[in-house]
Amino acid sequence: MSERDPHWAAKKRRMSDKVRKMFYHAYDNYMTYAFPHDELKPLTKTFTDSLSELGNLKLEHLPQKYNGSALTLVESLSSLVILGNNTEFDRAVVWLSENLTFDVDARINLFECNIRVLGGLVSAHLLATDSTNRLVQGTYKNELLVLAENLGRRFLPAFDTPTGLPYAWINLKYGVLENETTETSTSGCGSLILEMGALSRLTGDTRFESAALRALRKLWSMRSSLNLLGTTLDVTTGEWIEHSSGIGAGVDSFYEYLIKAHILFGRDEFWRMFQSAYVAVQKYFRHGPWYHEADMRTGKATYWQLTSLQAFWPGVLVGDIPAANSSHREFFHIWEKFGVLPERYLLDHLILHPTEKYYPLRPELAESTFYLYQATRDPWYIEVGASIVDSLNLYTKVEGGFASVRDVTTMQLEDHQHSFFLSETCKYLYLLFDDSFLVGRNYIFTTEGHPLPILSAWHERLPETYIPSNWTTVKRKTQGKRASAMSSRVCPATTLNSGHHIQQVESACHIPDVHEDYRCLTDEDCGVDSTTCRRRSCSIAGYCGLWLFV
């Protein structure tokens, strides 16, 4: 089926209209029954002030006088822009500018508040100041950025530790509380660089990016000799608490932010981290299409389980389409089996986890479906998206919004509509069927689905040898041409005589890979690297590279 087929185009329009209605059913009910509180309780048509509950499994130290921060509205800002509702976006910006304050006695999770609130404000500010969007009708005076900077400053005391690794919890009004827990997660330390880095670029205050970067570098220095990290650690001692790790809860967005930070800021350091971490994941976690957990010290498997948060991984794998498609199809098979994606599924027994049978409207499968469709334009992903939309409407839609599923075996519902349903689930599904917002634009999406534009002004100026490092310049009398050193099959400091023209090849060496796309089955398919003259080897993912030297 071709995208130009009128039936195909009609189906995408129908599905995008369905998703639009889903978003507004969730949003309108929130605005009617919950705003300005944090999140909607759709079954009882009431609200919950949940910012202090996010990541707080034991519901400890809950504030007594906290009345919400309009969390779902903040999370919905970029979705409103993508849906083309500039009028509602303008209204939301005005209300937040006049009413939102972070001077509240509330203990919040740094990671959750960063990706949801800070990320939502920074993204919305960038959208509001993008002249191509024609938003806020010339009346916007950077109010969202002022709020974001105020929130960012309240984050900074969390980083005042001997290691530079931030506390997981901080009180927005009073800072780090006495006897605060020193335990945090890998995601909590390693998934701050996009939002805080963007805040520094926008305000000129380098403290935000510096704090996040110091934490990320410290975390990376704690990796094992296998280039694996654990799940939880102590921010004062810098010691690991939980050595078992995977690509799911507590670690997932760490991997995601390495590659996205490289794209957003152009810093080669992030790419090197990601490349090393990615190879380790493929070597020690991957088992066919699945990814189990393993001990960071030995690489030995610990838990054979699927968690719903892992469903983001095929979106990271889009550079390796066969592997991404293989994993994505397995996740979708589980979705089809239960109607939605359960929180935890035991791969070694092929049964649900006895206590984690819930589905809280998570976006990860929709997210990876969107990325894979963008990468392949394979109509099958449209069918997957349609199935997800139909399931959400069938099982989770209620009169007062969309409710989480408490038990996927009975489809018993829970009275909670998470803010990420509007910032991520609906957004990725809508973009799957209608990506017109992205035409002529280039964004990365944060782990909470907030778009940040790729701006050349934010990119660090790299040495000439790194732009990009595996290509060299072939000079001609008539024109300059980019040419691969490997495809030239020459040694360094060699001159090529081609007919009437002499081509000087700079810093080139040796032998190309057998396949132009760098795919391989064995080491014999790999050549010699163009910049180091080292022999390349074949990774578990099936790509030639300097894996033995990472």
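The structure presented is a predicted model; accordingly, all values stated were derived computationally and were not measured.

Rules and cut-offs
Residues numbered from 1 in each chain as written. Predicted model: local features only at pLDDT ≥ 70, side-chain atom pairs only at ≥ 80, totals over all residues. Heavy atoms only, no water. Salt bridge = Lys/Arg side-chain N within 4 Å of Asp/Glu carboxyl O. Helix = DSSP H or I, 4+ residues; strand = E, 2+ residues; numbered from the N terminus. Buried < 20%, exposed > 50% of the residue type's maximum accessible area, 1.4 Å probe, protein only. UniProt positions renumbered as here; feature names shortened; annotations may be inferred. Contact = heavy atoms within 4.5 Å. Polar contact = N/O pair within 3.5 Å; in protein donor to acceptor, adjacent residues only side chain to side chain. Pairing = 2+ DSSP bridges. Axes fitted to C-alpha atoms, helices over the stretch in contact; angles between N-to-C directions.

Asks: Explain the pattern of salt bridges residue by residue, including any values.
Replies: With the rule as written, the count across this model stands at 21 salt bridges. With a shortest N-O distance of 2.9 Å, Arg91 and Glu88 are connected by a salt bridge. Highlighted residues: Arg91 and Glu88, both in helix H3 (residues 86–99), separated by 3 residues, approximately one helical turn. For Glu88, a relative accessible area of 12% corresponds to the buried category. Asp103 is the partner of Arg154 in a salt bridge, and the nearest nitrogen-oxygen pair spans 3.7 Å. Highlighted residues: Arg154 in helix H5 (residues 143–155) and Asp103 in the loop between H3 and strand S3 (107–109), separated in sequence by 51 residues. On the basis of relative accessible area, Arg154 is assigned to the buried category, the value being 18%. Exposure remark for Asp103: the relative accessible area of 40% places this residue in the partly exposed category. Connected through salt bridges with shared partners, the residues Glu39, Glu112, Arg116 and Glu448 form a single ionic network.

Asks: Let's hear about the UniProt feature "binding site: Ca(2+)" (unreviewed entry) in the protein: which residues, and what values?
Replies: Look at the UniProt record and you will see "binding site: Ca(2+)" (unreviewed entry) annotated at Thr447. On the secondary structure map, Thr447 appears in the loop between strand S19 (443–445) and strand S20 (451–453). Among residues more than four places away in sequence, those in contact with Thr447 are Ile115, Ser253, Glu256, Tyr257 and Glu424.

Asks: Let's hear about the side chain of Asp435: which residues, and what values?
Replies: Following the sequence through the fold, Asp435 ends up in the loop between helix H15 (420–433) and S19. A distance of 2.8 Å separates a polar atom in the side chain of Asp435 from a polar atom in the side chain of Arg377. Setting aside anything within four residues of it in sequence, one finds Asp435 in contact with Gln374 and Arg377.

Asks: Can you explain the sheet that holds strand S5 (residues 183–185)? Please cite residues and give values.
Replies: If you walk across this open sheet you meet the 3 strands as S5-S6-S7, and the pairing is antiparallel. Looking along the sheet, the strands with just one partner apiece sit at the ends: S5 and strand S7 (240–242). Recorded for the sheet is a direction-independent mean angle of 35° between the axes of neighbouring strands. Pairing of strand S6 (residues 232–234) with S7, which is carried by 2 bridges, proceeds in the antiparallel orientation. Looking at S7, one finds that Leu233 is bridged to Trp240.

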